[in-house]
Each structure stands twice: as structure tokens, then as C-alpha cells.
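# Geometric and topological summary
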Amino acid sequence: MASPISGSTSFDPQHIRRDFPILTRKVNGRPLVYFDNAATSQTPQVVIDAIVDYYSRYNANIHRGVHTLSQEATDAYEQARIKLQKHFNAAKSYEMIFTSGTTHGINLVASGFAEFLDQGDEIVVSAMEHHSNIVPWQMLCEKTGAVLRVIPMNENGELLVEEYEKILSNRTKLVFCNHISNALGTVNPIAHIIDKAHQVGAAVLIDGAQACPHLRPDVQALDVDFYVASAHKMCGPTGIGVLYGKENWLKKLPPYQGGGEMIEEVTFERTTYAGLPHKFEAGTPNICGGIAFGVAVDYLNEIGFDRIVGYEGELLEYATKALHEIDGLRIYGTSKHKASVISFNLKGVHPYDVGTIVDKLGIAVRTGHHCAQPVMDYYKIPGTVRASFAFYNTFEEVDVLVEAVKKAQQMLT
Ligand code: 7TS
């Protein structure tokens, strides 16, 4: 299939690729084709520079020193929090809590909610959650006697919204759903999910790990109670993420960890906690990571999410069509509302074997259950091959993948 002209949305991926040093490397003697962006994205030079600059010029602990370096580091870290506030359109910068990533943010909320749940209360999750949005709620149910309910999905990988509405009742205390599924790429109707949950008085946490690389959520417009994301899927470093929480919820939730910097006053008899956001940020945080996260968000906004989503949509359409043409290839996740994630299998072939062969050809894809075993159980498969695209990928790279999958098929069947 002939590739369409790259940049038909006034987008020049070749120009953008120059920002990413890793994209020039070879793997197994071939140019790297990086299609594992849903696992982690690659890092542009500006973010690498910010990390080097921090450790070269102003590495110091924050919020505790009067010396210049400490003040510079504190300012840069707090500036990053403000960048995140603006990015997510939160009302207050202290509603943005730095975490180590999505998993940490979810666990922080789950552990705090133990105080608000009674026997028989209900927690609702979707059928297409990542394990990090299932296991913490199961642990919470064990601790509190609450019951986990599941929003089912259909063969296309779309949530059954009418079933969700039937599950909701005055017993529902919390609803959790991913904005975009990592295993299927489905973009879920979260505005509707949030609205319906609020009608029965339940709080909602949206897992934005897969959405934030592709779109810019407006937490006030969504009226969401909690929203979590990881920097490493947004061109930032690993080990840093953000939890947005509405001020009233964050005030009510107890701290997740005790330690330095999260207190107002400590005696051996009693401790009073610091205000937001420090109450949830015990100990020395990932200072450099926070600063670099802010730089990554600036970088994405400079490119512009409209352009990112437009171009990735073209890549998705092109790749879907080309892969469909391979006999015996099935794509899982065919919702009309999809991000640039394609999960597929070749008939009679284990996904791991496809992954191994395409790696030999320089292509990075993920294989396995993608930490979403219930999704795999639904389709009665052990896993899939998953190609996930970012704005720095090209149509030519899709062609390389399609040829490699054909080759794998010839070798394995
Ligand atoms: N939620 C979703 C929807 C995810 O896709 C992931 C990571 C997480 C939560 C956890 O994020 P973390 O940054 O705390 O690890 N997903 C994947 C993936 O699809 N392949 O590798 C990691």
C-alpha cells in the first residue's frame, strides 16, 4: 500500500523526530521502529536537557532550605505544579498532587477511601481496566466489606452504558474508569460516566494514563473528582505523575504516608498535618522528575494536541486498514472512538512469537495481556500484539510493521 504524504495535517513528523535522539538508533541492525508508546513514550531533547540542567546547576532539597540552590529548586518544582494546573485546567495549583505515577495516585485515593466505606457499599469499575485500577479496589473491598461491580463491554470493546446506569444506586460510592483503554484503545464516554455517578452521589476517579499523551483533559469541565496520569507516557521521565483531586475531597482524604514535609506540628502525643498539597507529599519528592514533567507538558502543548490527535488518527486509520488486509489477522478493539492503539493476533500464532520476530526486524511492540487480564479473558485469548503510535511515528514505519507481521505469519504458520 502506498503511504499517504506525511504531514497532510500540516504536521511534519520528520522535523519532530529530530527532537528525539533515541529514534536514530538501530536495533538488531535495523532502524528502530518504536511502537510501544502505550507502555512508555520517548523523551525529547528538551526534557533530557532539563534533567541534566537540574543535576548540573541546582540540585537541592526543596521547601526546607534558605540557601539559593534550595530556593531555585523549590521555585522550579512549584512552577511545574502550576504548569500542570493550567494544563489540566484545575481551579487551584494545590489540587495537583505529585505522585510517582498513575498507580501511586490510584492507591493514594483507594487507601484514603477506606474511611468512607461501609459493608455493602459498592465500587464500580469498568471491564477494561488496567490491573492498577482493579487490584487497589479489590484490596479496599476486602478491608471495608464493600462490593466491586463491573461495567460490562461488547465485542467492539465499548462499555455498555445502559448496563452501567442499571448498576448505579444509592449504594454506589465510587466509580473508576479509564479515559482510554491501554489494551483496546477505546476512548470511553467519561463525561457521561461522571455525570451519571454524580446523580447518585458517587465520586469518580478517571485513569488518564493512556489519554494524556493524546488529549488535554479539562478537569473542571468534566467535573471529575480525581484524575490521574503518568509523566512517562507524556514524553516525561519515569517515576513521576500527578493526581488531580477536587479540593473538598483532598481535604477530607487522610494522608497516604506519614513523614517529613507533610506535617504542620509534631509532638510525641500528636501530629497535625500540613495543608494541600504537602499533606500527600511526604518525604523528599522526585524533584527533578516534577520539573522535567513540566517541561514535557510544555513541549506537548507547543506541538498542540489538536495536531497530535489529528495526525495520530491518520496513522491509526492507515495502519488499521493495512493490517486488516492480512488474512487471519484479527484486531481487538474496534470502537468508533479510538486512540492510536492496535491490539491484534494472527490466527493460530502466539502473540509472543510475533513480538519476538518483529523485534529482530527492529520493531518494538508489546505482547501479552497488557496488565488487563479480564479483557483477554473476555476475548478468550492469552494476550495480543499491541502496536501503539505516537506523533513522532510515520506512515513508512507502519509499512515496515505490516511487512514484518506478514513475514512472521509466513514463518509461524
Ligand atoms: N492505567 C492505565 C490505563 C495504563 O495503561 C497504565 C500503564 C497504568 C494505569 C499504570 O501506569 P504506571 O505509570 O503507574 O505504571 N500501562 C502500561 C501498558 O499498557 N504497557 O505498559 C504499561
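Residues numbered from 1 in each chain as written. Predicted model: local features only at pLDDT ≥ 70, side-chain atom pairs only at ≥ 80, totals over all residues. Heavy atoms only, no water.

## A short note on the environment of isoleucine 363
Applicable threshold: Going along the chain from the N terminus, every DSSP run of H or I of four or more residues is numbered as a helix, and every run of E of two or more is numbered as a strand. In what follows, residue pairs with any heavy atoms lying within 4.5 Å of each other are defined as contacts.
As for its position among the elements, isoleucine 363 is in strand S15 (residues 363-364). Expressed as a C-alpha distance, the spacing of isoleucine 363 and proline 31, which sit 332 residues apart in the sequence, is 8.4 Å. Other than its neighbours up to four places away in sequence, isoleucine 363 contacts Val33, Phe35, Val358, Val400, Leu401 and Ala404.

## Concerning helix H10 (residues 287-303)
Put simply, the rule reads: An expected span of 1.5 Å times one less than the residue number is assigned to each helix. Whether a residue is buried, partly exposed or exposed follows from its accessible area with a 1.4 Å probe, protein chains only, as a fraction of its type maximum: under 20%, in between, or over 50%, in that order.
Over its 17 residues, H10 runs 25 Å from end to end, which matches the ideal 24 Å to within 8%, given 1.5 Å per residue. Summarising burial for H10: 14 of the 17 residues are buried, a large majority. Just beyond H10, the residue with positive phi is glycine 304, at close to 100 degrees.

## Description of the site of the ligand
Condition: Summary of the distance rule: residues count as near a molecule or strand when at least one heavy atom falls within 4 Å of that molecule or strand. By the criterion applied in these results, polar contacts are pairs of N or O atoms within 3.5 Å in which, for protein atoms, one can donate a hydrogen and the other can accept it, and in which residues neighboring in sequence qualify only through two side-chain atoms. Per-residue accessibility takes into account occlusion by the displayed protein chains alone, with areas from the Shrake-Rupley method and a 1.4 Å probe.
Looking at the ligand, there are 15 residues lining it, with Thr103, Asp207, Ser230, Arg366 and Arg386 nearest. Lysine 233 places a polar side-chain atom, nitrogen or oxygen, 3.0 Å from a nitrogen atom of the ligand. Within the side chain of arginine 366, an N or O atom sits 2.5 Å from a nitrogen atom of the ligand. For the ligand, whose accessible area on its own is 490 Å², the fraction buried by protein is 86%.

## A short note on the environment of isoleucine 51
Among the secondary structure elements, isoleucine 51 is positioned in helix H2 (residues 45-57). Along the backbone, isoleucine 51 and valine 295 are 244 residues apart, and their C-alpha atoms lie at a distance of 9.7 Å. Aside from chain neighbours lying at most four places away, what touches isoleucine 51 is Pro237, Cys288 and Ala292.

## Considerations on the domain arrangement of the chain
The test is simple: As annotated, the domain borders come from an automatic or database domain assignment. Here's the idea: put two parts together, see how much 1.4 Å probe accessible area each one loses, and the total over both is what we call buried area. The term salt bridge refers to a side-chain nitrogen of Lys or Arg lying within 4 Å of a carboxyl oxygen of Asp or Glu.
Taken domain by domain, the chain comprises domain 1 (13-43 + 304-412) and domain 2 (48-302). Listed as interface residues are 40 residues of domain 1 and, on the opposing side, 35 residues of domain 2. Between domain 1 and domain 2, the buried area comes to about 3000 Å², and carbon and sulfur atoms account for 53% of it. In this structure, the connection of domain 1 to domain 2 is made through 1 salt bridge. Note that arginine 330 and glutamate 155 form a salt bridge whose closest N and O atoms lie 3.1 Å from each other. At the boundary of domain 1 and domain 2, one finds 28 residue pairs in polar contact (both at pLDDT 80 or more). Only helix H11 (305-324), strand S13 (329-332), strand S14 (341-346) and helix H13 (373-379) provide two or more residues apiece to the side of domain 1 that touches domain 2. A per-element tally of the side of domain 1 that touches domain 2 places H13 first, with 6 residues.

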